[in-house]
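Listed below, chain by chain, are the residues.
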Amino acid sequence: MKDAIGIVPGLAVILVGSRKDSQTYVRNKKACEAVGIQSFEVNLPEDSSEEEVIKHIASFNSDPSVHGILVELPLLRHMNDESILNAVGIEKDVDGFHPLNIGRLAMQGRDPFFVPCTPKGCMELLHRYGVEIKGKRAVVIGRSNIVGMPAALLLQKANATVSIVHSQTKNPEEITRQADIVIAAVGVANLVRGNWIKPGAAIIDVGINPVDDPESPRGYRLVGDVCYEEASKVAGAITPVPGGVGPMTIAMLLANTLESAKRIHNFK
Ligand code: NAD
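In this text, all values refer to a predicted model and were calculated from it rather than measured experimentally.

Caption draft 1: Seen up close, the site of the ligand. Residues in contact with the ligand amount to 20 residues; listed here are only the nearest, R143, S144, V206, I208 and T249. A distance of 3.0 Å separates an oxygen atom of the ligand from a polar atom in the backbone of I208. Calculation on the ligand without its partners gives an accessible area of 850 Å², and the protein chains cover 69% of this total. Per-element accounting of the shell around the ligand gives the leading share, three residues, to helix α10 (residues 245-264). A class-by-class count of the residues in the shell around the ligand yields nine nonpolar, ten polar and one charged.

As structure tokens, then:
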């Protein structure tokens, strides 16, 4: 793209009250550098007003060298998440959280401009490893706006029959045991045990949970929502934590930014 039309994709990040050394921020920035995406950033103090944040979003919306805008959530409590997400131009919403993008994701026969990065990464893993989705039973555990809900929408768009298990579900293990595909996005360490899994099922573990580990130099280690030791003996395929969905989320952010730059500049 750079050689052909002299343009490189650009990703703008707006951090509000979070530290510039935040792990997500540093990881994203390094990933952008590695693939040649130009980074832009605004670091706003904790007491910034909603109007100030929206002003910066508006300036990135009209900046032709920016193709993706990321607002680091969760924002501080005095701000309205929804009006901030609404301010991001739908064609630069590489996070895929704009209500119009989510709405289009939910509609049959419509496609959003962008699919949220973590669920998109889950689907990419299923496709790349040749897991059949059409006609299969899938269970998504968790129904958050950023992972569970869009993951369930994507699976049903790919023609799976989808159930959503959440905090109020009775007999979650019984429902999960029927699934050929499980996506777990809860935030509870080792919630999904080996006896929740149908033999041969494909398991995507989104959870990232710190658990005490005196042997680790940091005093803790990260585990998923799925008890890997048990589930890996029953499943046909399973993602590890760390190292499974996490890196895919970053890769999909880069992919969305590239896709956006190509669309904006009509570059095939
Ligand atoms: P969230 O807290 O917003 O949502 C959790 C969901 O789990 C809720 O819908 C809730 O109903 C459900 N839930 C809670 N307890 C439950 C239970 N006992 N049984 C079934 N469902 C239950 O969390 P989130 O933002 O969706 O994140 C979920 C996990 O995924 C966290 O560990 C988070 O760190 C991780 N995460 C990882 C990535 C990545 O890139 N790998 C990205 C986003 C989130």
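Caption draft 2: Main features of the packing of helix α5 (residues 99-106) against helix α7 (residues 148-157). Packing of α5 against α7 leaves a shortest axis separation of 9 Å and a crossing angle of 35°. Contacts between α5 and α7 pair I102, R104, L105 and A106 from the former with M149, P150, L153, L154 and K157 from the latter. Of the residues assigned to the contact of α5 with α7, the class counts are seven nonpolar, no polar and two charged.

Caption draft 3: Geometry of the sheet that holds strand β5 (residues 161-165). Taken together, five strands build an open sheet; the order of strands is β5-β4-β6-β7-β10 and the sheet is parallel. With partners counted over all chains shown, the strands left at the sheet margins are β5 and β10 (237-238), one partner each. Relative to strand β7 (residues 202-205), strand β6 (residues 181-184) runs parallel, the two sharing four bridges. Looking at the pairing, I183 lines up with I204 of β7.

Caption draft 4: A look at α10. Between its terminal C-alpha atoms α10 stretches 28 Å, which fits the 28 Å expected from 20 residues at 1.5 Å a residue. Buried residues of α10: V245, M248, I250, M252, L253, L254, N256, T257, S260 and A261, and no others. As for α10, its buried residues are in contact with β1 (10-16), α2 (23-35), β3 (68-71), α6 (117-128) and β7. Following α10 by one or two positions, N266 adopts a phi angle in the positive range, close to 50°.

So, how was this worked out
- Residues numbered from 1 in each chain as written.
- Predicted model: local features only at pLDDT ≥ 70, side-chain atom pairs only at ≥ 80, totals over all residues.
- Heavy atoms only, no water.
- Near = heavy atom within 4 Å.
- Polar contact = N/O pair within 3.5 Å; in protein donor to acceptor, adjacent residues only side chain to side chain.
- Areas by Shrake-Rupley, 256 points an atom, 1.4 Å probe, with all protein chains shown as cover.
- Helix = DSSP H or I, 4+ residues; strand = E, 2+ residues; numbered from the N terminus.
- Nonpolar A, V, L, I, M, F, W, Y, C, P; charged D, E, K, R; others polar.
- Axes fitted to C-alpha atoms, helices over the stretch in contact; angles between N-to-C directions.
- Contact = heavy atoms within 4.5 Å.
- Pairing = 2+ DSSP bridges.
- Expected span 1.5 Å × (residues − 1).
- Buried < 20%, exposed > 50% of the residue type's maximum accessible area, 1.4 Å probe, protein only.

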